Structures are given as structure tokens and as C-alpha cells.
Number of protein chains: 2
Amino acid sequence: MMKRVVIVGGGFAGLNAAKMLSNRKDIEVTLIDRKNYHLFQPLLYQVAMAALGEGDIATPLRNMLAGYDNITVFKGIVRNVDLETKTVHTDFGEIEYDYLVMACGVQHHYFGNNQWEEFAPGLKNLAQATEIRRRVMEAYEAAERTNNPIERKKQLTFVIVGGGPTGVELAGSIGEMSRYTLSKFYKHIDPKLTRIFIVEAAGRILGGFSPELSSKATRELEKLGVQVWTSSAVSDVDADGVQIGRERIEAATVLWAAGVQASDLGKCMGVETDRSGRILVETDLSLPGHPEVFIGGDQACFTHQTGSPLPGMAPVALQQGKYIGRTILGDMKGHVRKQFRYLDKGQMATIGRNKAIVEFRNLRFDGALAWFTWILVHIYYLSSFKHRVFVLAQWGWSYFTFGFGARLIVNKDWRFYGKDPNKADDSCKG
Amino acid sequence: MMKRVVIVGGGFAGLNAAKMLSNRKDIEVTLIDRKNYHLFQPLLYQVAMAALGEGDIATPLRNMLAGYDNITVFKGIVRNVDLETKTVHTDFGEIEYDYLVMACGVQHHYFGNNQWEEFAPGLKNLAQATEIRRRVMEAYEAAERTNNPIERKKQLTFVIVGGGPTGVELAGSIGEMSRYTLSKFYKHIDPKLTRIFIVEAAGRILGGFSPELSSKATRELEKLGVQVWTSSAVSDVDADGVQIGRERIEAATVLWAAGVQASDLGKCMGVETDRSGRILVETDLSLPGHPEVFIGGDQACFTHQTGSPLPGMAPVALQQGKYIGRTILGDMKGHVRKQFRYLDKGQMATIGRNKAIVEFRNLRFDGALAWFTWILVHIYYLSSFKHRVFVLAQWGWSYFTFGFGARLIVNKDWRFYGKDPNKADDSCKG
């Protein structure tokens with residue numbers, strides 16, 4: 001008989017689970033996401049840095065799933081889940097399920113200081129990427145306008161909180177942009193004077209990598225002019241900069257790449273989560289006591305393989321999504337469930353052109369070879385879902401000509417008579 | 001000796017004036033724009049309709065003018081101009097000039113009902129295009145979610161106020177999208193049921209064209225399912241639709257393509273303007289009594305050629321910009337000023353694939369031929385400033401595969417914990 005599968009979240013986990021269940025007469029899939037697009041997160045920082053356009057790394061979920069008659073997509077917000085009645089409560093009504101797949105991912109976490117977000121946006125969706133691009137480019141515009149050297153220095157100072165892959169990629173991009181690209185565009189300032197800080201609470205950046213690679217990455221960042229501050233926990237963030245204990249950096253632009261926390265849904269449902277809100281799962285990714293409920297991707301806390309939770313990376317989410325889909329199909333055939341095992345695809349981070357680090361099991365390398373590996377892997381996965389004739393060409397082009405990315409500043413407020421100081425205001429003054 | 005030229009506005013007029021004055025040791029050009037990009041306005045509606053990306057039709061002014069050492073670009077707002085002291089008052093200080101070129105363009109005008117703007121955004125900049133895209137796509141999402149047929153009808157109703165080229169292009173695009181593209185993406189609604197209205201106060205749409213072509217355009221719109229209401233002046237716009245005298249249309253989405261008004265700067269400066277705020281100019285585009293001040297583009301009211309003001313079109317602005325630049329160079333050589341004469345490039349409007357109208361002096365044609373003419377002309381002018389390897393290919397591709405444009409909805413508010421109902425909200429409810 002017909003099984004109703006509800007999937008919450010259209011990221012790597014949710015999308016791949018849905019595809020596994022596609023084209024089945026006996027399965028009815030409903031995918032719910034608050035965004036209308038699937039995002040290729042690993043390259044989001046390039047949209048923030050204006051090297052890629054939004055359309056290059058995101059595709060509407062509808063387009064991707066249009067071909068499957070048994071999959072319905074809703075853009076909506078899931079408020080809560082009633083595990084007893086097997087009902088999902090959304091902002092557009094209630095939906096019953098036979099199987100539930102939760103893959104809501106994570107958000108930025110300000111360690112209980114949500115007021116910092118206003119001063120230090122994170123990088124998880126297209127709107128945030130656009131906002132970061134706007135702030136970075138506005139800072140250079142303000143620096144070009146001012147005659148006050150102190151103000152200019154502040155405008156040319158960028159602090160990235162958090163030394164994980166995202167923080168490193170952001171810092172590296174700003175370093176490259178300021179050292180190699182922007183100089184010719186400004187007449188009053190020398191963009192090479194841009195100060196870029198990575199502020200990391202731990203003893204070293206890229207803690208997920210081996211100490212050897214993380215120190216290599218630190219050196220590469222330094223060559224791009226990035227100042228790496230480790231053992232530096234941010235104690236306050238305000239409109240003018242960051243406080244690090246008794247040290248302080250005045251900066252017009254602060255970007256947040258530090259903590260993440262899983263969607264609050266776990267808490268809402270009253271299930272067991274770890275400190276960062278990730279839901280503890282069984283060896284088959286199911287919710288303890290609820291074999292009909294699966295958790296996948298960053299939202300899942302899977303500790304059965306290595307003893308510690310699997311990292312929040314695209315490959316993990318992708319494999320978990322496929323596993324969940326296969327497991328549901330297996331259930332319907334009466335098969336016994338297998339355990340989920342993550343096939344380690346290694347990890348990599350890029351710092352700049354010809355600068356990257358790759359770690360694959362015991363294999364470790366960096367430099368140009370690592371960078372090309374990084375590019376090939378990302379082009380491969382990107383084009384696997386961006387079915388556009390020359391996504392590769394365009395992507396490669398945009399990347400190699402970093403300098404020619406369209407660094408457009410789009411106002412936050414579309415209205416012409418808005419309050420936003422960054423935008424049009426025709427009142428007669430002066 | 002050194003002449004200081006200040007140009008206000010980086011549109012077709014300002015940009016071309018600046019280029020005319022480039023690479024001169026004896027001229028110092030300062031270009032001020034509130035946006036950081038030059039926009040290819042004629043294709044802006046395609047960004048609103050998600051057929052093109054922002055980067056495809058806009059380029060930062062800095063990139064375009066980077067090669068010219070004597071041109072400085074500031075992103076800023078001009079508050080007022082003191083004609084006596086020859087000083088421009090900006091939000092970042094005062095700038096003196098020997099020559100001033102004003103090319104601030106026009107904004108949308110709500111006939112004294114600015115409160116309508118919230119319900120009916122206009123289409124003049126990238127932020128507005130993004131907002132229109134967001135509203136159109138959100139309407140389809142809401143229609144797919146609801147079970148209430150009245151609400152669904154309202155969500156699938158789009159009213160475009162104004163039957164000029166922009167209004168026709170928007171209506172035609174929505175018609176094409178709903179009739180040919182969207183059907184396969186939605187499971188609960190039939191996008192072909194989308195109602196699209198053009199509400200025009202005058203007796204016919206495209207009043208700038210011959211009656212013959214405007215009636216042809218009306219027929220083409222009808223074939224796409226667009227309902228053309230002429231002699232219909234909007235008397236009120238609210239969150240639920242538009243009032244046209246005693247008639248009313250319930251619509252979730254209302255777009256404004258009606259009146260425009262020139263920048264308030266003319267009023268601020270206390271110079272003579274016409275009813276829509278355009279500054280009256282001499283035969284040499286100078287301000288009466290101020291030969292050192294030029295007005296170009298949509299902001300200028302030039303009546304000396306045809307008796308009526310030249311239309312606000314890119315070709316007019318482009319020619320005026322070049323003329324102003326040449327005239328300043330001529331002044332410096334002591335030449336007598338020539339009158340400005342607009343070399344008629346004709347006009348065209350597109351309705352949809354293979355549907356367009358072209359009017360070139362006494363030559364009039366429509367249909368596929370007109371459409372290809374339209375495409376060629378626009379690709380030619382677009383690529384003349386978008387120096388990207390495959391802008392043509394990409395542009396053509398995006399256009400021909402209208403259906404595959406990335407219809408991304410980017411939240412208005414980038415913040416994760418914002419108040420915006422359209423975005424994430426993790427409070428536990430239901």
C-alpha cells in the first residue's frame with residue numbers, strides 16, 4: 001500500500017533521499033524547505049566574494065525534482081512534529097507521514113549572543129552571501145570616500161571569526177582580492193593595505209585537519225596578508241569591531257564563521273540532542289524508538305562509526321540521504337536494515353589560487369596539486385546538479401578571472417524612499 | 001589649465017560623457033553614483049523574470065572606468081548643487097567643479113501616492129528587480145500551498161499598472177512563463193490559470209508607438225493570456241489588489257510600470273523643470289544661464305528638436321552623453337557650440353518569443369523579424385559594455401531556455417532570526 005514520506009529540508013541529505021524514492025507508484029514524497037532552492041554550500045563563499053553568481057551554485061528544488069511525479073515540493077516552514085500522531089505541523093497546515101526524514105541542517109550560533117549577528121553575519125544561505133558581499137564592497141567604497149586615515153583603516157579592516165574551512169576560504173578570498181585584484185579600481189586608497197584577521201578560539205585553525213596541514217594553511221594565509229590569531233576567543237562584537245579579552249580590533253566588517261547549531265526542531269520535538277542541538281540517532285540513522293523517523297545531514301549526531309560525531313560535510317549528508325532512501329525501500333521489501341557507514345571521501349579546504357590542502361585517509365598534500373584536486377572535485381559535484389550547458393566553462397572562467405566577478409552592491413531595501421542609509425534619498429540637504 | 005568635471009549619475013548619459021573625457025591630462029573627472037554599477041536598463045525586466053542574472057546586465061562602474069587615470073568614481077549621494085559657488089554637496093563632503101554634468105535619471109512616480117509603492121514595486125534598479133522576482137515566485141509557492149480556491153486565484157493574479165514598454169515586457173514574460181514554462185513544476189496548481197492584467201489609463205498601450213503596432217502588440221499579449229485593460233486609471237492600490245474606479249481586481253502581486261519622475265535634484269537646485277521634474281535645457285543641453293552645467297538622459301527635457309521632449313530611452317541618453325563630452329572638449333579648444341540633435345534610432349518593444357514590434361522612422365514591422373532585430377540590437381549593445389568572453393552565448397542561452405533561468409527566491413532579510421514572515425523562524429508552534 002501507499003507510503004507517505006515527508007522530507008524536511010532540501011539540502012544534500014533531503015534531496016538525495018527524495019531522489020532515491022522517486023518514480024515509485026507506491027510512495028508519495030513531500031519535500032518541505034523554507035528556501036525554494038537547493039544550494040551547493042561548498043561554494044557559497046564564492047558568491048559572497050562575488051566570484052560566482054547566485055544562479056551558478058543554486059537551483060530551485062522544483063526544477064530539480066520536476067521530473068518525478070511522486071514528489072511534491074512545498075516552500076514552507078515546519079514548526080513542529082508530533083511523533084505519536086505522525087504529523088508534521090507547518091505554517092501552511094498539517095501533513096501526516098508514514099516515514100519522516102529530517103534534514104534541516106544547521107544555522108550559525110552566536111554562543112547565546114544573537115545580538116552579535118547584526119554586526120557579524122554568517123554564511124549559510126544566498127541572502128547572507130549577498131549581504132556579506134554588500135558589506136565588503138561598501139567598506140571599500142567608504143574607504144575611497146573618506147579623508148580620515150583612522151576611519152579609512154577601520155573600513156579596510158576585516159575580521160573573520162572562526163578558523164574553519166569557511167573562515168579560511170573567506171579570509172583567503174579577501175586577501176587575494178585586496179592584494180591582486182582591487183588595486184586598479186581605486187584611486188584614493190591602496191587596497192593592499194587591507195587588514196584581514198582570522199580570530200580562532202582554538203590553538204590552531206582548521207582543527208579538523210592534521211596539525212601539519214593546518215600550519216601549512218596558516219603560512220599560505222600569511223602570504224596573502226591574512227593575520228591568523230589563534231587561542232583568541234571573541235568576547236564581544238559591536239558595530240565598530242571585535243573585543244578579544246583585553247585585545248581589540250577596530251573593523252567596519254566582521255564576518256561570522258564560528259559556531260553552528262542544529263535547527264531547533266530537535267528541541268521542539270523533545271528528542272535527545274547533543275550540545276549543538278544535533279539529534280542523536282541509531283546505527284540506521286533512525287530516531288531512538290521511532291524507526292519510521294530518520295535524521296540526516298548536519299542535523300544528525302551519528303557517533304557509531306568513529307565514536308565522535310561525523311563532521312557536517314556535504315559528502316556525509318549526501319551518503320546519509322541515499323542510505324535513508326535505500327533503507328525505506330528495503331523496509332517495504334521486508335529487508336533487515338543495515339547499519340549506516342560513512343565511506344570517507346577525505347576533506348579539503350582552499351585558501352586561494354594554487355593554495356589548498358587535501359587530506360584523504362593517510363594521504364596529505366597541499367599547494368597547486370591540492371588546489372587542482374579541489375577544483376576538479378567541486379566542478380564535478382557542482383555540474384552533477386547544475387544541468388546547464390557551460391556551467392563548467394562559466395565556473396572555471398569566473399574563478400580564474402576572480403577580478404572580473406561582478407562585484408555588484410544590491411541595496412538591502414528595494415524601496416526607493418526607504419530608510420536604509422545605503423540607498424537613495426532625495427531629500428534636499430547641504 | 002586643469003578643468004574639473006563632475007558627473008552625477010553613471011547611466012548611459014553619464015558613463016558616455018565620462019568616456020569622452022577620458023585619458024586627458026588637463027581634465028579631472030569625478031563620477032558620482034548612488035549605485036556602484038552601470039545597469040543595462042533595457043533588459044532589467046529579464047532579471048525580474050529570472051531569465052538573466054544580475055551580473056549579466058550590470059557591471060561595477062569601477063571596473064568599466066578602471067583604465068582611465070583621470071576618472072575617479074565615488075559611490076555616494078548628491079544632496080544639492082550650488083550653482084553660484086559651483087559646488088556639489090554630497091553625503092561625503094563638497095566637491096567643486098568647472099563643468100557639471102547632471103544625469104540622475106528618473107524614478108517611479110506614484111502620482112502623490114507613495115504609500116502604493118509598498119504594494120506595487122517599480123523596476124528601476126537591481127534591488128527592485130530582485131524584489132519583483134521574489135514576489136512573483138512567492139505567489140506561485142503560496143498558490144501551490146493553499147487549498148482555498150479564492151486565495152489560490154488571488155495568488156495567481158498579477159496586475160501590471162502601466163502599458164508602456166516595461167509593462168508590456170513584464171506582462172508578456174509572465175504570460176509566457178505561466179503558459180509554457182511553469183506547468184511542469186507544480187503539482188497542485190495549473191499555472192496556465194494565471195491571470196495577468198495590464199491596466200493602462202490611456203486609450204491604448206505603447207502610446208509611443210503607432211496605433212497600428214500598439215494594437216498588434218495588444219493581440220500578441222492576448223494570445224499569451226494577458227488581459228489588456230485600457231482607459232483604466234488605477235484609483236487605489238492595497239495589499240489585496242487594485243481599484244480602478246468602481247472596478248476591482250484582487251491580486252497578490254501588483255507591479256508598477258506607470259509614471260516616472262525625474263530626480264528631485266532639479267527641484268532642490270531651484271531650476272525650471274517640467275511637470276515630471278525634468279530640467280528644461282538649451283539647445284546645447286546646458287542649463288539656461290549656466291553654460292558650464294549640462295543635463296543629460298532622462299533627467300533632461302529637450303524640446304528643441306521635435307517640439308515635445310525627447311523620450312527617456314537609452315539611445316537618447318547615450319547620444320546626449322557623448323555630445324556633452326564632445327562639447328566640453330570643444331569649449332576647451334575654443335570652438336563654438338553646436339546644437340544637440342538626436343539621431344533617431346527608432347524604438348522597439350518585445351512581448352515574447354518571436355513577438356516584438358519595431359518602429360524605425362516610417363518603417364514598421366512586427367513578429368519574428370522584429371523579435372530577431374530586437375535580440376540582435378540588445379546583444380550588440382549589451383556586449384559593448386559587458387566584456388565577458390561568452391556574454392552573448394550565455395545571454396542567448398538564458399533567453400532561449402527561459403524555463404531554466406534560476407528562479408531563486410532570496411529573502412529580503414538576510415538575518416536568520418529576523419521578523420520577515422517570508423523567512424526562517426524556528427519558534428516552536430503548532
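Scoring rules and cut-offs
- Residues numbered from 1 in each chain as written.
- Chains lettered and ligands numbered in written order.
- Predicted model: local features only at pLDDT ≥ 70, side-chain atom pairs only at ≥ 80, totals over all residues.
- Heavy atoms only, no water.
- Helix = DSSP H or I, 4+ residues; strand = E, 2+ residues; numbered from the N terminus.
- Buried < 20%, exposed > 50% of the residue type's maximum accessible area, 1.4 Å probe, protein only.
- Contact = heavy atoms within 4.5 Å.
- Areas by Shrake-Rupley, 256 points an atom, 1.4 Å probe, with all protein chains shown as cover.
- Expected span 1.5 Å × (residues − 1).
- Polar contact = N/O pair within 3.5 Å; in protein donor to acceptor, adjacent residues only side chain to side chain.
- Phe/Tyr/Trp six-rings, centres within 6.5 Å; stacked < 30°, edge-to-face > 60°.
- Lys NZ or Arg CZ within 6 Å of the ring centre and 35° of its normal.
- Salt bridge = Lys/Arg side-chain N within 4 Å of Asp/Glu carboxyl O.
- Pairing = 2+ DSSP bridges.
- Axes fitted to C-alpha atoms, helices over the stretch in contact; angles between N-to-C directions.
- Parallel < 35°, antiparallel > 145°, perpendicular 65-115°, else oblique.
- Left-handed = near helix turned anticlockwise from the far one by under 90°.
- Nonpolar A, V, L, I, M, F, W, Y, C, P; charged D, E, K, R; others polar.
- Patch = residues over 30% accessible without salt bridge, like charges linked within 9 Å, V, L, I, M, F, W, Y side chains within 5 Å.
- Lys, Arg positive; Asp, Glu negative; His and termini not counted.
- Charge placed at Lys NZ, Arg CZ, Asp CG, Glu CD.
- pLDDT = per-residue confidence, 0-100.
- Disulfide = S-S within 2.5 Å.

Caption draft 1: How the structure looks around the overall build of chain A. Each helix and strand in chain A was counted, giving 12 helices and 25 strands. Looking at chain A residue by residue over its 430 residues, the buried ones come to 60%. Taking the contacts inside chain A whose residues are at least 6 apart along the sequence as the reference set, 64% of them involve residues at least 24 apart. Of the roughly 16500 Å² that chain A leaves accessible, carbon and sulfur atoms contribute 53%.

Caption draft 2: Up close: helix H10 (residues 314-333) of chain A. Residue and element names in this part refer to chain A. For H10, with 20 residues, the first-to-last C-alpha span of 29 Å sits near the 28 Å given by 1.5 Å per residue. Buried residues dominate H10, accounting for 14 of its 20 residues. Gly-334, located one to two residues past H10, shows a positive phi value of around 80 degrees.

Caption draft 3: Highlighting helix H5 (residues 126-145) of chain B. Residue and element names in this part refer to chain B. Between the first and last C-alpha of H5 there are 28 Å, a value that for 20 residues agrees with the 28 Å anticipated at 1.5 Å per step. Counting buried residues along H5, 19 of its 20 residues qualify, which places the element largely inside the surrounding structure. The N-capping residue of H5, defined by a side-chain oxygen 3.1 Å from the backbone nitrogen of Ala-127, is Asn-125.

Caption draft 4: Region of interest: the packing of aromatic side chains. Residue and element names in this part refer to chain A. Counting across every chain of the model gives 24 aromatic pairs over all chains. Aromatic ring contacts, followed pair by pair, group Tyr-110, Phe-111, Trp-116 and Trp-256 into a single cluster. Just above the ring of Tyr-37 sits the side chain of Lys-35; from NZ or CZ to the centre is 5.5 Å.

Caption draft 5: The pattern of salt bridges, seen in detail. Here the structure, examined in full by the defined rule, presents 40 salt bridges over all chains. A salt bridge links Glu-212 of chain A to Lys-216 of chain A; the shortest N-O distance between them is 3.7 Å. With Glu-212 of chain A and Lys-216 of chain A both in helix H8 (residues 211-223), this residue pair falls four residues apart, about one helical turn. Taking relative accessible area as the criterion, Lys-216 of chain A reaches 34% and is therefore assigned partly exposed. For Glu-222 of chain B, the salt bridge identified is with Arg-219 of chain B, shortest N-O distance 2.5 Å.

Caption draft 6: Just the pairing of strand S17 (residues 253-256) of chain A, in detail. Residue and element names in this part refer to chain A. Along S17, one buried face is formed by Thr-253 and Leu-255 and the opposite face, lined by Val-254 and Trp-256, is buried too. Relative to S17, strand S11 (residues 157-161) runs parallel, the two sharing four bridges. Counterpart to Val-159 in the pairing with S17 is Val-254.

Caption draft 7: How the structure looks around the sheet that holds strand S13 (residues 226-229) of chain B. Residues and elements named next belong to chain B. Taken in spatial order, the four strands of this open sheet run S13-S12-S11-S17, and their pairing is parallel. The open sheet terminates on both sides in strands that have one partner only, identified here as S13 and strand S17 (253-256). Between one strand and the next, the sheet's axes are offset by a mean angle of 20 degrees, whatever the strand orientation. Sheet topology note: the strand S12 (residues 195-199)/S13 ladder contains four bridges and is parallel.

Caption draft 8: How the structure looks around the packing of helix H1 (residues 12-20) of chain A against H10 of chain A. All names here are of chain A. With their axes 7 Å apart at the nearest point, H1 and H10 run at an angle of 30 degrees to one another. As summarised for this structure, H1 and H10 are arranged roughly parallel, according to the angle between their axes. Of the two possible hands of crossing, H1 and H10 adopt the one that is right-handed. Contact residues: H1 offers Phe-12, Ala-13, Asn-16, Ala-17 and Met-20, while H10 offers Ala-314, Ala-317, Leu-318, Gly-321, Lys-322, Gly-325, Arg-326 and Leu-329. Grouping the constituent residues of the contact of H1 with H10 by class yields eight nonpolar, three polar and two charged.

Caption draft 9: Quick look at the environment of Ala-368 of chain B. With respect to the element layout, Ala-368 of chain B can be found in helix H11 (residues 367-385). Expressed as a C-alpha distance, the spacing of Ala-368 of chain B and Gly-352 of chain B, which sit 16 residues apart in the sequence, is 9.8 Å.

Caption draft 10: Geometry of the sheet that holds strand S16 (residues 247-250) of chain A. Residue and element names in this part refer to chain A. A sheet is described by the order of its strands in space; here three strands give the open sequence S14-S15-S16, paired in antiparallel fashion. Of all the strands in the sheet, just strand S14 (236-238) and S16 have a single pairing partner and so form its edges. For this sheet, the mean inter-axis angle between neighbouring strands, taken without regard to orientation, is 10 degrees. Across three bridges, S14 lies against strand S15 (residues 241-244) in antiparallel orientation. Each residue of the ladder has a partner; that of Asp-236, found in S15, is Gln-243.

Caption draft 11: Looking closely at a positive patch on the surface. The grouping of Lys-19, Lys-322, Arg-326, Lys-338 and Lys-345 of chain B at the surface amounts to a positive patch. As for its position among the elements, Lys-345 of chain B is in the loop between helix H10 (314-333) and strand S23 (347-352).

Caption draft 12: Geometry of the environment of Asp-26 of chain B. Residue and element names in this part refer to chain B. Turning to its location among the elements, Asp-26 is positioned in the loop between helix H1 (12-20) and strand S2 (27-33). Under the relative-accessibility criterion, Asp-26 is labelled partly exposed at 27%. Leave out the neighbours within four places in its chain, and Asp-26 touches Met-1, Met-2, Lys-3 and Met-332.

Caption draft 13: Layout of the confidence of the model for chain A. All names here are of chain A. Of all residues in chain A, 90% have pLDDT values of 70 or greater, and the mean over the chain is 89. Low confidence marks residues 416-427, where pLDDT is under 50. Its contacts with residues over four positions away, or in another chain, come to 38 contacts. Listed scores for the predicted complex are pTM 0.89 and ipTM 0.85.

Caption draft 14: Structural view of the environment of Leu-221 of chain B. Residue and element names in this part refer to chain B. With respect to the helices and strands, Leu-221 occurs in helix H8 (residues 211-223). As for Leu-221 and Glu-176, which are separated by 45 residues in sequence, their C-alpha atoms are 9.5 Å apart. Ignoring any residue separated from it by four or fewer positions in sequence, one finds Leu-221 in contact with Val-168, Ala-171, Gly-172, Ile-198, Ile-205, Val-226, Val-228 and Ile-351.

Caption draft 15: Looking closely at the pairing of strand S5 (residues 71-75) of chain A. All names here are of chain A. In terms of burial, S5 is largely enclosed, as five of its five residues are buried. Taking every second residue as pointing to the same face, both faces of S5 are buried, with Ile-71, Val-73 and Lys-75 on one and Thr-72 and Phe-74 on the other. For strand S2 (residues 27-33) and S5, the ladder comprises five bridges, and the chain directions are parallel. Bridge assignment links Ile-32 to a residue of S5, and that residue is Phe-74.

Caption draft 16: Inspection of unusual backbone geometry at higher detail. Positive phi is not limited to glycine here, since Leu-206 of chain A has a value of about 50 degrees. Within the secondary structure layout, Leu-206 of chain A lies in the loop between strand S12 (195-199) and H8. On the accessibility criterion, Leu-206 of chain A (2% relative accessible area) is buried. A positive phi angle, close to 50 degrees, is found at Arg-361 of chain B, a residue other than glycine. Along the chain, Arg-361 of chain B falls in the loop between strand S24 (355-360) and strand S25 (363-366). Judged by its relative accessible area of 47%, Arg-361 of chain B is partly exposed.

Caption draft 17: Structural view of the state of the cysteines. A full pass over the atoms with the stated rule returns zero disulfides over all chains. For Cys-104 of chain A, which is in no disulfide, the shortest distance to another cysteine sulfur is to Cys-268 of chain A and amounts to 9.9 Å.

Caption draft 18: Examining the side chain of Ser-173 of chain B more closely. Looking at where Ser-173 of chain B falls in the secondary structure, it is placed in helix H7 (residues 165-181). Within the structure, the side chain of Ser-173 of chain B is placed 2.6 Å from the backbone oxygen of Glu-169 of chain B, a separation counted as a polar contact.

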